[in-house]
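Residues per chain are reported as follows:
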Amino acid sequence: MENVYDPESYGSTDVIDFDKYFKEYRAECTVNIDTSKDVFTQRMEILKSDFDLALDLQDVKALEQLCSIEKLKVLSENEMLPLESPPIGDHISITHPINDRARTLNTAKWMEEFTESNRDLVGNQNLPKIPHFTEDKAREDTNYVPDMQADNGFICKVLVYRPFSTVTDIKVTADQVRVNMELTVVHTTTLMELADSIKCATDAFAMREVENMDIQLEEFYNNKEKCPSRCFFIENAFYNDMTHPDATDYSEVVREWALENKIGNLHSTSMEGVTVGSLKFRLGYGYVYIHQGRCEHVICFSDIRLLKTTDCLVSKIYPKIVAIKRILSPFCFICKITDATWLILHSDRLPIRRAFFCTKCCKSYMFEDGKKVGTFQLYPYHQEAFVVPQNPNHFSDSE
């Protein structure tokens, strides 16, 4: 792969066995962490040994309060910020409330009126939640017992990008490269668990071209059960999920093509049981996750470090979703009011290549007596949107 995509062009590291790297680091740098002591006791000992400050426990707690980031707030700061969780339901909360002085501005009054009268049109409604366990919940739940040691093992950030198209005869990509998800994994996380955590709309709904609107949408749902095959491509190796009896080895045709074009001898293995700690990879380099036949996501291991006492040491909660790009369902190209349920491509009656339509506008403008008006490609459209509870960050995108 390096013959095609030069790692130096991406500023990535060399291929590193991080499990071996951190073991050697621990052998050279003695790390004494007593996990039986609370945080304040540990800080008291550090202040004594490193700064020769003989403070008692009460002094350390007082110092903690004096140095708290809460002290950085000013009196006029909005108490509603920052948002502790993404807005859920049919209304996005106004983070900057409108007071009487602001209502002297017509724009503020109109915004308030619009928000009150159009709550059902603001944001996504009834967003399904991704199962997500926070550190606090894991510490409180007796089923989640810490099974990792702070100085033994690593935690890694994984960026999952949206699928995008490239055009080889020009220098830019046809679509912008955007991060879709940010996850954290630990050394014990398996590739199977990482694949299960990657959320993509194509797993929920199959976008296939249809001739008319008289179709049963039920057959387009649960696409992941119909096409269970998937694989990772990391450092010239394909890791395939062959647990399902109907699974297909996606790597076979690619490996044959690579041999014919003398790109390299790629090998294939099962992803079952393969942990992140057993891999050798580069930081900052793009690898690939493939599912649903031709849906390809670039993934990138962007950051890695030793586990700390402040990290959740329960391996069950990983992979943990840190951030996910918020997706706002597009409105109809014609009425600009209703959410889109149909996608029109290459129509000879529209000024753009791709347009989203609601059912009513699509039936009235693109069809007459049940037959197509002009030439175009028709696809049922479903935008799967997710909400990650408990204060993750969101990438904003309203395409």
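Residues numbered from 1 in each chain as written. Predicted model: local features only at pLDDT ≥ 70, side-chain atom pairs only at ≥ 80, totals over all residues. Heavy atoms only, no water.

- As recorded by an unreviewed UniProt entry, the protein chain carries the name snRNA-activating protein complex subunit 3 and is attributed to Dendroctonus ponderosae.
- Annotation of the protein chain in UniProt includes, under Subcellular location (unreviewed entry), the sentence "Nucleus".
- Under the heading Function (unreviewed entry), UniProt records this for the protein chain: "Part of the SNAPc complex required for the transcription of both RNA polymerase II and III small-nuclear RNA genes. Binds to the proximal sequence element (PSE), a non-TATA-box basal promoter element common to these 2 types of genes. Recruits TBP and BRF2 to the U6 snRNA TATA box." (UniProt positions renumbered as here; feature names shortened; annotations may be inferred.)

**Re the overall build of the protein chain**
Turning to step 1, where the next piece is worked out: Tallying secondary structure elements over the protein chain gives ten helices and 16 strands in all.
Turning to step 2, where the next piece is worked out: Taking all 399 residues of the protein chain together, the buried fraction comes to 36%.
Turning to step 3, where the next piece is worked out: Residue pairs at least 24 apart in sequence account for 66% of intrachain contacts in the protein chain once pairs closer than 6 positions are excluded.
Turning to step 4, where the next piece is worked out: Of the roughly 24600 Å² that the protein chain leaves accessible, carbon and sulfur atoms contribute 50%. (Helix = DSSP H or I, 4+ residues; strand = E, 2+ residues; numbered from the N terminus. Buried < 20%, exposed > 50% of the residue type's maximum accessible area, 1.4 Å probe, protein only. Contact = heavy atoms within 4.5 Å. Areas by Shrake-Rupley, 256 points an atom, 1.4 Å probe, with all protein chains shown as cover.)

**Remarks on helix α2 (residues 39–51)**
A turn of α-helix holds 3.6 residues, and therefore any two residues three or four places apart point the same way.
Turning to step 1, where the next piece is worked out: Between the first and last C-alpha of α2 there are 17 Å, a value that for 13 residues agrees with the 18 Å anticipated at 1.5 Å per step.
Turning to step 2, where the next piece is worked out: Of the residues making up α2, those classed as buried are T41, Q42 and L47.
Turning to step 3, where the next piece is worked out: Tucked inside the fold, the buried residues of α2 contact α3 (57–66).
Turning to step 4, where the next piece is worked out: Phi turns positive, to about 55 degrees, at D52, one or two residues after α2. (Expected span 1.5 Å × (residues − 1).)

**Points about the sheet that holds strand β15 (residues 377–380)**
Turning to step 1, where the next piece is worked out: Pairing is antiparallel in the open sheet, where three strands are placed in the order β12-β11-β15. In this open sheet, the two edge strands, each paired with only one partner strand, are β12 (354–357) and β15. Between one strand and the next, the sheet's axes are offset by a mean angle of 25 degrees, whatever the strand orientation.
Turning to step 2, where the next piece is worked out: The pairing of strand β11 (residues 342–345) with β15 spans four bridges and is antiparallel. Looking at the pairing, I344 lines up with L378 of β15.
Turning to step 3, where the next piece is worked out: Relative to the sheet, helix α10 (residues 359–366) contacts β11, β12 and β15, its axis offset from that of β12 by approximately 120 degrees. (Pairing = 2+ DSSP bridges. Axes fitted to C-alpha atoms, helices over the stretch in contact; angles between N-to-C directions.)

**Notes on the pairing of strand β4 (residues 230–234)**
Turning to step 1, where the next piece is worked out: The element β4 is extensively covered by neighbouring structure, given that five of its five residues are classed as buried.
Turning to step 2, where the next piece is worked out: Side chains R230, F232 and I234 of β4 all project onto a buried face; the interleaved residues C231 and F233 project onto the opposite face, where all are buried too.
Turning to step 3, where the next piece is worked out: Bridge count between β4 and strand β8 (residues 286–291): four bridges; the pairing is antiparallel. Paired with C231 across the bridge in β8 is I290.
Turning to step 4, where the next piece is worked out: With four bridges joining them, β4 and strand β5 (residues 237–240) adopt antiparallel strand pairing. By the bridge assignment, F232 is partnered in β5 with Y239.
Turning to step 5, where the next piece is worked out: Adjacent in sequence and paired antiparallel, β4 and β5 are bridged by two residues, among which E235 carries a positive phi angle near 50 degrees.

**Here we look at unusual backbone geometry**
Turning to step 1, where the next piece is worked out: Looking along the chain, the bond that leaves Y318 and enters P319 is cis, with omega of 0 degrees.
Turning to step 2, where the next piece is worked out: Structurally, the position occupied by P319 is in the loop between β9 (295–306) and β10 (320–327).
Turning to step 3, where the next piece is worked out: Notably, K336 is not glycine yet its phi reads approximately 60 degrees, a positive angle.
Turning to step 4, where the next piece is worked out: Relative to the helices and strands, K336 is located in the loop between β10 and β11.
Turning to step 5, where the next piece is worked out: Overall, K336 belongs to the exposed group, its relative accessible area being 53%.

**Some points on the nonpolar core**
Turning to step 1, where the next piece is worked out: The biggest cluster of nonpolar side chains holds 33 residues, and the ones touching the most others in it are L191, F232, I234, Y239, F281, F301 and I304.
Turning to step 2, where the next piece is worked out: Core analysis: the second largest hydrophobic core is formed by 17 residues, W342, A355, M366 and F376 among them. (Core = buried A, V, L, I, M, F, W, Y, C linked by side-chain atoms within 4.5 Å.)

**A closer look at the pattern of salt bridges**
Turning to step 1, where the next piece is worked out: For the coordinates displayed, the defined rule picks out nine salt bridges.
Turning to step 2, where the next piece is worked out: Of the charged contacts in the structure, one is a salt bridge between R230 and D196, with a shortest N-O distance of 2.7 Å. Of the two residues, R230 sits in strand β4 while D196 sits in helix α6 (residues 191–197), which places them 34 residues apart along the sequence.
Turning to step 3, where the next piece is worked out: When the shortest N-O distance is used, the salt bridge between D241 and R230 registers 2.7 Å. One end of the pair, D241, is in the loop between β5 and α9 (251–260); the other, R230, is in strand β4, with eleven residues separating them in the sequence. (Salt bridge = Lys/Arg side-chain N within 4 Å of Asp/Glu carboxyl O.)

**Points about the confidence of the model for the protein chain**
Turning to step 1, where the next piece is worked out: Of the residues in the protein chain, 76% have a pLDDT of 70 or more, and the chain-wide mean is 76.
Turning to step 2, where the next piece is worked out: The spread of mean pLDDT over the elements of the protein chain runs between strand β16 (residues 393–397), the lowest at 39, and strand β2 (residues 154–161), the highest at 91.
Turning to step 3, where the next piece is worked out: Contacts from residues 120–128, a stretch scored under 50 in pLDDT, to residues over four places away or in other chains number 22 contacts.
Turning to step 4, where the next piece is worked out: Across residues 386–399 the pLDDT falls below 50, and counting only partners more than four positions away or on other chains, this stretch makes 55 contacts in the model. (pLDDT = per-residue confidence, 0-100.)

**A look at a nonpolar patch on the surface**
Turning to step 1, where the next piece is worked out: A cluster of nonpolar side chains, namely I46, F51 and L53, defines an oily patch on the protein surface of about 300 Å² accessible area.
Turning to step 2, where the next piece is worked out: Mapped onto the fold, F51 is located in helix α2. (Patch = residues over 30% accessible without salt bridge, like charges linked within 9 Å, V, L, I, M, F, W, Y side chains within 5 Å.)

**A short note on the pairing of β11**
Turning to step 1, where the next piece is worked out: Here β11 shows a buried face lined by W342 and I344 and a second buried face lined by L343 and L345.
Turning to step 2, where the next piece is worked out: Looking at chain direction, β11 and β12 are connected through four bridges and run antiparallel. Residue pairing across strands places L345 opposite R354, the latter belonging to β12.

**Considerations on the packing of α2 against α3**
Turning to step 1, where the next piece is worked out: The contact between α2 and α3 brings their axes to 9 Å, and the two run at 100 degrees. Accordingly, the angle class assigned to the pair α2 and α3 is roughly perpendicular. Contacts between α2 and α3 involve F40, T41, R43, M44 and L47 from the former and L57, V60, K61, L63 and E64 from the latter.
Turning to step 2, where the next piece is worked out: When grouped by side-chain class, the residues that make up the contact of α2 with α3 number six nonpolar, one polar and three charged. (Parallel < 35°, antiparallel > 145°, perpendicular 65-115°, else oblique. Nonpolar A, V, L, I, M, F, W, Y, C, P; charged D, E, K, R; others polar.)

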